[in-house]
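# Residue-level structure breakdown
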Amino acid sequence: MNLWNKLMCYSRRRSPWLFHLNGGSCNGCDIELIASLTPRYDAEQLGVRLEGSPRHADILCITGPITHNAVEAIKTVYGQVLGPKAVVAIGSCPATTNVFIDSRTLDGPLNKHLPVDVFVPGCPPRPDAIILGVAKAAEILALRAAKQWPDESVMVPILEPGEACACGDSASSTPSPESTPSEVQQ
Amino acid sequence: MNLTTALARLLIFPGLLFAVPAAWFFLWVERKAVALMQGRIGPPFMQPFYDFIKLLGKGTPPRSGIAGLLMRAWPVLAVSSAAGAVGLLPVLPASGGFEGDLILLLALLELPSMCIIAAGFSSRSIFGEIGSAREAVLSVSYNVVFLLAILSIAASQHTFRLEALAQIPPSSVPWLASLLHWLGILAVLICLPAKLHLNPFSLPNAEQEIYSGPMVEYAGPELAMWELSHGLEWVAATGLVATLAAPHVTAGWAAILIFVGLCFGIVLLLSVVASATARLAIDTTVRFYWQVTLIFAVLAISSALFMRFRS
């Protein structure tokens, strides 16, 4: 990689702009996504910005179990986001359709329609887990643009309350599900 | 002003070589000040630079025909006019200039906002068109006070040279001259939030209501150009106030230091005001500029006329 590509890769990791899309969510995850931008969690430290237009965004954050009505909208918005891009499925609903499984109003889960890069499980997930997922998605996006990422999905571990996670921007700092809160804080 | 000094001012100081890093710095100061006011830590120092580089590496949607060509042209025109406006600022003492450069500066300061209006309409997006209409209404409102304030200073001093305006001139009525000068600076300062689309006058790019308005269809390098032109507008607009307010010094480095310090102070002031206020509706904004601030314009014009008749 030459210098320009290195700078581009680094900038892509440090500047994830989000577009938030509701695919029939109960609003629980949407509230947590907004909470991750509040003073307590302050995702802007990682350069995160919630954008109004999908044209400006790099990362598509999708919540909800994907209803029939939402499918076309999600596909349209995914097409409007310009590459390199990544998709984060926030909550258990887009991953598995959760408690709404076998409902006749649903056409989920999400990876039936779009390639999902990061799953953030939880009902709803904690804001720290969402920030971790976004940081991971930004890294995937940068590596994929540099053709260094095999196309595979990543799952963020479920974080317990008080398990404050230093949202590292590399995979090594991701805490494993088995690690205790004290280990993570160290 | 010969060709060499003109090129040096446009490309080195206070032009592109100084203005582009300054633009990124001011964009960071704005975001950081808002974050600190909200009790957050805020973005890292290099954030606007990372954003710019990342946007350069993104794709753009396919565009065809004249409308596509125009949509590509507007951000470039906005950046070049904002950079030209910065280059005209008389920061260094005795740096040249020409008769009428004030009029050119005012025109160049106005061009980015014209480009935003045109860009919103050529994007053919309903949100873009609403944003452009708001920008047009806003521009008609604040420009009355902005132009009258600056032109009244110019009229009282019988010159359209920026360098002459940057100093309070010797006059037969010195207290009136300096009063007029500071009144004009205050009026320009009140117009800056509207010019830079900051709260409480951030109507055209209201991201919660109209999806960032005229910029809604822009992506990638074109959006990077818009961000850069916004930053350069910051430098040009705060720089204009700074050059008007700066005390007259003869040493070049002192002039530069005072200029940068004053600009920084104005950026901080505007950001604090922006984070402490909420967005006003369009009718309230227009009423504010036409009713409340018109008193500045009337005062400025009448004292300018008074000074002309006295002298």
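Residues numbered from 1 in each chain as written. Chains lettered and ligands numbered in written order. Predicted model: local features only at pLDDT ≥ 70, side-chain atom pairs only at ≥ 80, totals over all residues.

## What to know about the interface of chain A and chain B
Note the threshold: The contact rule is simple: place each C-beta atom from the backbone, and if two of them lie within 7 Å, those residues are in contact. Gly is placed with the polar residues, together with every amino acid not listed as nonpolar (Ala, Val, Leu, Ile, Met, Phe, Trp, Tyr, Cys and Pro) or charged (Asp, Glu, Lys and Arg).
Facing the 17 residues of chain A at the interface are 26 residues of chain B. For the side of chain A that touches chain B, the per-class residue count stands at four nonpolar, eight polar and five charged.

## Some points on the environment of Gln291(B)
The condition that has to hold: A run of H or I in DSSP becomes a helix once it reaches four residues, and a run of E becomes a strand once it reaches two; helices and strands are each numbered from the N terminus. Remark: C-beta atoms are placed from the backbone, and a residue is labelled buried if 20 or more other C-beta atoms sit within 10 Å of its own, exposed if 12 or fewer do, or partly exposed between those counts.
Within the secondary structure, Gln291(B) is located in helix α12 (residues 282–292). Its 9 C-beta neighbours within 10 Å are what place Gln291(B) among the exposed residues.

## Looking at the sheet that holds strand β6 (residues 154–155) of chain A
Residue and element names in this part refer to chain A. Stated precisely, the cut-off is as follows: Pairs of strands are assigned from DSSP output, requiring at least two bridges between the strands.
The strand order across the open sheet formed by six strands is β2-β1-β3-β4-β5-β6, and the pairing between neighbours is parallel. With one partner strand each, in any of the chains shown, β2 (49–50) and β6 form the two edges of the open sheet. Of the strand pairs in this sheet, strand β5 (residues 118–120) and β6 are connected by two bridges, and their pairing is parallel. Residue pairing for β6: Phe119 is matched across the bridge by Met155.

## Some thoughts on the nonpolar core
Stated precisely, the cut-off is as follows: For the purposes of this analysis, a nonpolar core is taken to be any set of buried Ala, Val, Leu, Ile, Met, Phe, Trp, Tyr and Cys residues that are connected through C-beta atoms within 7 Å.
Counting 137 residues, the largest nonpolar core has Ile59(A), Val88(A) and Val134(A) as the members making the most contacts within it. If you tally residues by element for this core, the top one is helix α10 (residues 220–245) of chain B, at 14 residues.

## Some thoughts on unusual backbone geometry
Residues and elements named next belong to chain A. The omega torsion across Cys123 and Pro124 is -5 degrees, close enough to zero to call that bond cis. Phi is positive for Asp42, which is not a glycine, with a value near 50 degrees. With 20 C-beta atoms counted inside 10 Å, the residue Asp42 sits in the buried group.

## Concerning the packing of helix α2 (residues 16–37) of chain B against helix α11 (residues 252–276) of chain B
All names here are of chain B. Formally: Fitted lines through C-alpha atoms give the axes, limited to the stretch in contact for helices. The angle between two N-to-C directions lies from 0 to 180 degrees. Note on angle classes: values under 35 degrees are labelled roughly parallel, values over 145 roughly antiparallel, values of 65 to 115 roughly perpendicular, and the remainder oblique. Should the near helix be turned counterclockwise from the far one by less than a right angle, the crossing is left-handed, whereas a clockwise turn marks it as right-handed.
Here α2 crosses α11 at 40 degrees, and the two axes come no closer than 9 Å. The orientation of α2 relative to α11 falls into the category oblique. For the pair α2 and α11, the crossing hand works out as right-handed. Along the contact surface, α2 presents Phe26, Val29, Glu30, Ala33, Val34 and Met37, while α11 presents Phe264, Val267, Leu268, Ser271, Val272, Ala274, Ser275 and Ala276. Split into classes, the residues belonging to the contact of α2 with α11 amount to 11 nonpolar, two polar and one charged.

## Here we look at α2(B)
All names here are of chain B. For clarity, the threshold we go by: Between the first and last residue of a helix there are one fewer steps than residues, each counted as 1.5 Å, and that sum is the expected span.
Compared with the 32 Å implied by 1.5 Å per residue over 22 residues, the 31 Å span of α2 between its first and last C-alpha is a close match. Buried within α2 we find Ala19, Ala22, Ala23, Trp24, Phe25, Phe26, Leu27, Trp28, Glu30, Lys32, Ala33 and Val34. Where α2 is buried, its residues contact α3 (47–56), α4 (65–88), α10 and α11. Once α2 finishes, Gly39 follows within two positions and takes phi at roughly 80 degrees, a positive value.

## So, the environment of Phe119(A)
Residues and elements named next belong to chain A. Along the polypeptide, Phe119 turns up in strand β5. The spacing of Phe119 and Ile158 is 39 residues in sequence and 10 Å in space, taken between C-alpha atoms. In contact with Phe119, other than residues within four places in its own chain, are Ala89, Ala95, Ser153, Met155 and Val156.

## Things to note about the confidence of the model for chain A
Put simply, the rule is: Within a predicted model, pLDDT stands for the predictor's per-residue confidence, ranging from 0 to 100.
Per-residue confidence for chain A averages 83 on the pLDDT scale, and 86% of its residues sit at or above 70. Contacts from residues 166–186 of chain A, a stretch scored under 50 in pLDDT, to residues over four places away or in other chains number 24 contacts.

## A word on the pairing of strand β1 (residues 17–22) of chain A
Residue and element names in this part refer to chain A. Defined as follows: When the strands point away from the viewer, a crossover counts as right-handed if the path from the first strand over the helix to the second runs clockwise.
Across the six residues of β1, five count as buried, placing the element largely inside the fold. Where β1 lies against β2, two bridges are found, and the strand directions are parallel. Residue pairing for β2: Trp17 is matched across the bridge by Arg49. In this fold, the crossover linking β1 to β2 by way of helix α2 (residues 28–35) has right-handed handedness. Inspection of the sheet shows β1 paired to strand β3 (residues 59–63) by five bridges, in the parallel sense. Counterpart to Leu18 in the pairing with β3 is Ile59.

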